[in-house]
Amino acid sequence: MNLLFSITDNYVHQLETTLFSIKCNNVKQQFDVYVLLADTENSDNLADLKSFCQKLDMILHLIQIPNDTFSKAPKSQRYPQTIYYRLIAQNFLPQQMDRILYLDCDLLCLNPFKDFYKSDFQDNLYIAASHTESIKIGRTFNKIRLGNYDVDNYFNSGVLLMNLKLIRQQVNMADIYHYIDSNSLQLFLPDQDVLNALYGDKIKSVADVLYNYDTRYFSAYKLLNGGTTDLDWVVQNTVFLHFCGQGKPWHKSYSGKFAALYKYYQWLAQRDVLAYPDPVTD
């Protein structure tokens, strides 16, 4: 399976935790890991990532994107330029590749996802989950703000199965640049807003409680599902647990519902992978 990430240098260790959780719950599966980076990124952390992936028996591919690619797009400390890279990844990935799974690196994998990876796109560009489909937040506001009145859902871009063959035919970099330039003041969640505004009607929806569980909404999920989606259910059924929002589980001050679970995976990654000697290479 092909996995895609887009990071800055200071997110390498978070990516390692995510990769470790994936390997733990997909033991027999082989992975090619593609990481999109700005062409200015070059540090010891990336060398550590290469070693980490070797120890997990994952094949790492580092792809550096020209630093001026999104130079005029809205950016901030929370939303660096690299968040846009998933929108144009198809132009930098191998041409023979027909699908890849993009994942944010603020999530954990709790269960196997081979079946999800092989999902039928049904002529859609992407497969993703909408948190607002269940939680019902801001639907009308997003339609007005983004100008996509025919799209009912607002999809989260943190778990994005990509139909690369069709994306290469239909997703145009010029359209992306034009939308960003024309709507920069309305982009609250920049890359996600662009994805929904331009391609929201070409995204196949899947259940967020399974494939993009927003950890902020534990109580809401449980209420909406008649109490069935308790902690036991989440651990046994949820595939991707996503730590959305500003509070992140690698911070010592974080005390969310799944804080201990994340910190345990983080510790295991350091104990069981980082502590191992580097593999011998020819």
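What this report covers is the structure whose coordinates are included nearby.

Description of the overall build of the protein
Phase 1: Each helix and strand counted, the protein has twelve helices and ten strands in total.
Phase 2: Residues classed as buried in the protein amount to 54% of the 282 residues present.
Phase 3: Contacts in the protein between residues far apart in sequence, at least 24 positions, make up 80% of those at least 6 positions apart.
Phase 4: Taken as a whole, the protein presents about 13,400 Å² of accessible surface, with 49% of it coming from carbon and sulfur.

A word on the packing of helix H7 (residues 173–183) against helix H8 (residues 190–199)
Phase 1: As a packed pair, H7 and H8 sit with axes 11 Å apart at the nearest point and diverge in direction by 115°. Taken together, the axis directions place H7 and H8 in an arrangement best described as roughly perpendicular. Along this stretch, H7 crosses H8, giving a crossing that reads as right-handed. When H7 is examined against H8, the residues Asp175, Ile176, Tyr179 and Ile180 are found in contact with a partner set consisting of Val194, Ala197, Leu198 and Tyr199.
Phase 2: Of the residues contributing to the contact of H7 with H8, the split by class is seven nonpolar, no polar and one charged.

What to know about the sheet that holds strand E10 (residues 240–242)
Phase 1: Strand order in the open sheet made by the three strands is E5-E10-E9, with mixed pairing throughout. Of all strands in the sheet, those bounded by a partner on one side alone are strand E5 (107–109) and strand E9 (213–214).

Concerning the side chain of Asp193
Phase 1: Tracing the chain through its elements places Asp193 in helix H8.
Phase 2: Asp193 sits in the buried class, given a relative accessible area of 0%.
Phase 3: Within polar-contact distance, the side chain of Asp193 engages the side chain of Tyr154 at 2.5 Å.

As for the nonpolar core
Phase 1: Counting residues in hydrophobic clusters, the biggest one holds 54 residues, and the most contacted among them are Leu19, Leu101, Phe113 and Phe240.
Phase 2: Core analysis: the second largest hydrophobic core is formed by 34 residues, Tyr85, Ile88, Ala89 and Ile176 among them.

Regarding the packing of helix H1 (residues 12–24) against helix H2 (residues 44–55)
When two helices pack together, their arrangement is given by the angle between their axes and by how far apart the axes lie.
Phase 1: Their axes nearest at 10 Å, the elements H1 and H2 cross at an angle of 10°. As the angle between them shows, H1 and H2 are arranged roughly parallel. Across the interface between the two elements, Val12, His13, Leu15, Glu16, Leu19 and Phe20 from H1 touch Asn45, Leu46, Asp48, Leu49, Phe52 and Cys53 from H2.
Phase 2: Here the residues of the contact of H1 with H2 are counted per class, giving eight nonpolar, two polar and two charged.

What to know about H2
Phase 1: The end-to-end C-alpha distance of H2, which contains twelve residues, comes to 17 Å, matching closely the 16 Å that a straight helix rising 1.5 Å per residue would cover.
Phase 2: Looking at H2, one finds that the buried residues are Leu46, Leu49, Ser51, Phe52 and Cys53.

Section: the sheet that holds strand E4 (residues 99–103)
The pairing of strands in a sheet comes from backbone hydrogen bonds and takes either a parallel or an antiparallel form.
Phase 1: In space, the seven strands of this open sheet follow the order E3-E2-E1-E4-E7-E6-E8, with mixed pairing throughout. Edge positions in the open sheet fall to strand E3 (59–65) and strand E8 (203–206), since each of these has one partner strand only. The average undirected angle you get between the axes of adjacent strands in this sheet is 25°.
Phase 2: Both strand E1 (residues 2–6) and strand E2 (residues 32–38) contribute to a ladder of five bridges, which runs parallel.

Here's the deal with the state of the cysteines
Phase 1: This model, assessed by the stated rule, comprises zero disulfides.
Phase 2: Here Cys109 is not cross-linked by a disulfide; its sulfur's nearest cysteine counterpart is in Cys24, at 9.1 Å.

Description of the packing of aromatic side chains
Phase 1: Within this structure, the stated rule accounts for twelve aromatic pairs.
Phase 2: Relative to Phe258, the ring of Tyr213 has its centre 5.8 Å away and its plane inclined at 80°; by these criteria the two rings are edge-to-face. On the criterion of sequence distance, the pair formed by Tyr213 in strand E9 and Phe258 in the loop between E10 and helix H12 (259–274) is long-range, its members being 45 residues apart. Residues Tyr213 and Phe258 agree in their burial class; the two are buried.
Phase 3: Where Trp250 meets Tyr262, the ring centres are 6.0 Å apart and the plane angle is 50°; that geometry is what we call tilted. Of this pair, Trp250 sits in the loop between E10 and H12 while Tyr262 is found in helix H12, placing the two residues twelve residues apart along the sequence. Per residue, the accessibility class of Trp250 equals that of Tyr262, and both read buried.
Phase 4: Ring pairs connect the aromatic residues Tyr11, Phe243, Trp250, Tyr254 and Tyr262, which therefore count as one cluster.

Thresholds, definitions, all that
- Residues numbered from 1 in each chain as written.
- Predicted model: local features only at pLDDT ≥ 70, side-chain atom pairs only at ≥ 80, totals over all residues.
- Heavy atoms only, no water.
- Helix = DSSP H or I, 4+ residues; strand = E, 2+ residues; numbered from the N terminus.
- Buried < 20%, exposed > 50% of the residue type's maximum accessible area, 1.4 Å probe, protein only.
- Contact = heavy atoms within 4.5 Å.
- Areas by Shrake-Rupley, 256 points an atom, 1.4 Å probe, with all protein chains shown as cover.
- Axes fitted to C-alpha atoms, helices over the stretch in contact; angles between N-to-C directions.
- Parallel < 35°, antiparallel > 145°, perpendicular 65-115°, else oblique.
- Left-handed = near helix turned anticlockwise from the far one by under 90°.
- Nonpolar A, V, L, I, M, F, W, Y, C, P; charged D, E, K, R; others polar.
- Pairing = 2+ DSSP bridges.
- Polar contact = N/O pair within 3.5 Å; in protein donor to acceptor, adjacent residues only side chain to side chain.
- Core = buried A, V, L, I, M, F, W, Y, C linked by side-chain atoms within 4.5 Å.
- Expected span 1.5 Å × (residues − 1).
- Disulfide = S-S within 2.5 Å.
- Phe/Tyr/Trp six-rings, centres within 6.5 Å; stacked < 30°, edge-to-face > 60°.

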